[in-house]
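An overview of the molecular structure
So you can see what is in the structure, the chains are spelled out below.
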Amino acid sequence: MMNATAEILKTKIENFSPEILEAFAKMVESFEVNNRPAIPQFQLDEVLYRIQFHNENPTTKLDFYENISELKKNCA
C-alpha cells in the first residue's frame, strides 16, 4: 500500500511544471524544519518516565495530572 502511494505521488510530481515543482520543494522543506519539537528531548524523556512510572504504580499521583490529556496530545 505504501509503495503504491509513493509511486502515485512520484508520477504526479514528475508531471509538475518547474514553477509548481519549486513551490512544492519549498513546502516540503518547511515541513522538515517544523518537524522538530519545541520541547527539549530531556524534558520529553522525563515526562515519559513519569507517565510510565504512574502506569506501573497507579496509586501515585502525577504532579501534572490535570494536564495529562493535553500533554499526551502534544507529545504524541
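Note on numbering: residues in each chain are counted from 1, in written sequence order. Per-residue local features of the predicted model are confined to residues with pLDDT of at least 70, and side-chain atom pairs are confined, for both listing and counting, to 80 or more; whole-chain, interface and lining totals are unaffected and use all residues. Values shown for side chains rest on all heavy atoms present in the structure; no hydrogens or waters enter the calculation.

Describing the overall build of the protein
A tally of helices and strands in the protein yields 4 helices and 0 strands. Counting helices and strands in the order they occur from the N terminus, the protein gives α-α-α-α. Taking all 76 residues of the protein together, the buried fraction comes to 11%. Accessibility throughout is a Shrake-Rupley quantity obtained with a 1.4 Å probe, and a residue counts as covered only by protein chains that appear here. Surface summary for the protein: the accessible area is close to 7100 Å², and the carbon and sulfur share equals 58%. Helix and strand definitions follow DSSP, with helices as H or I runs of at least four residues and strands as E runs of at least two, each counted in order from the N terminus. In this scheme, a residue with accessible area under 20% of its type's maximum is buried, one over 50% is exposed, and one in between is partly exposed, where area comes from a 1.4 Å probe on protein chains only.

Digging into the pattern of salt bridges
Pairs can form between side chains of opposite charge once their charged atoms are near each other. Salt bridges are identified by distance alone: a Lys or Arg side-chain nitrogen within 4 Å of an Asp or Glu carboxyl oxygen. Scanning the model with the defined rule gives 2 salt bridges in all. Of the charged contacts, one joins Glu 22 and Lys 26 as a salt bridge, the two residues approaching to 3.6 Å between their closest N and O atoms. Of this pair, Glu 22 and Lys 26 both sit in helix H2 (residues 18-34), 4 residues apart, roughly one helical turn. A relative accessible area of 49% places Glu 22 in the partly exposed class. By relative accessible area, which is 53% here, Lys 26 ends up exposed.

With respect to helix H3 (residues 41-56)
Under the 1.5 Å per step criterion, the end-to-end length of H3 is 22 Å for 16 residues, consistent within 8% with the ideal 22 Å. Buried residues of H3: Leu 44, Val 47, Ile 51 and His 54, and no others. When H3 is viewed along its axis, its buried side chains cluster within an angular range of 90° and face the same direction. Of the exposed residues in H3, those oriented more than 90 degrees away from the buried face are Gln 41, Phe 42 and Glu 56. Take the residue count of a helix, subtract one, and multiply by 1.5 Å to get its expected span. Note: the arc covers the axis-to-C-beta directions of the helix.

The values are spatial; any link to function lies outside them.
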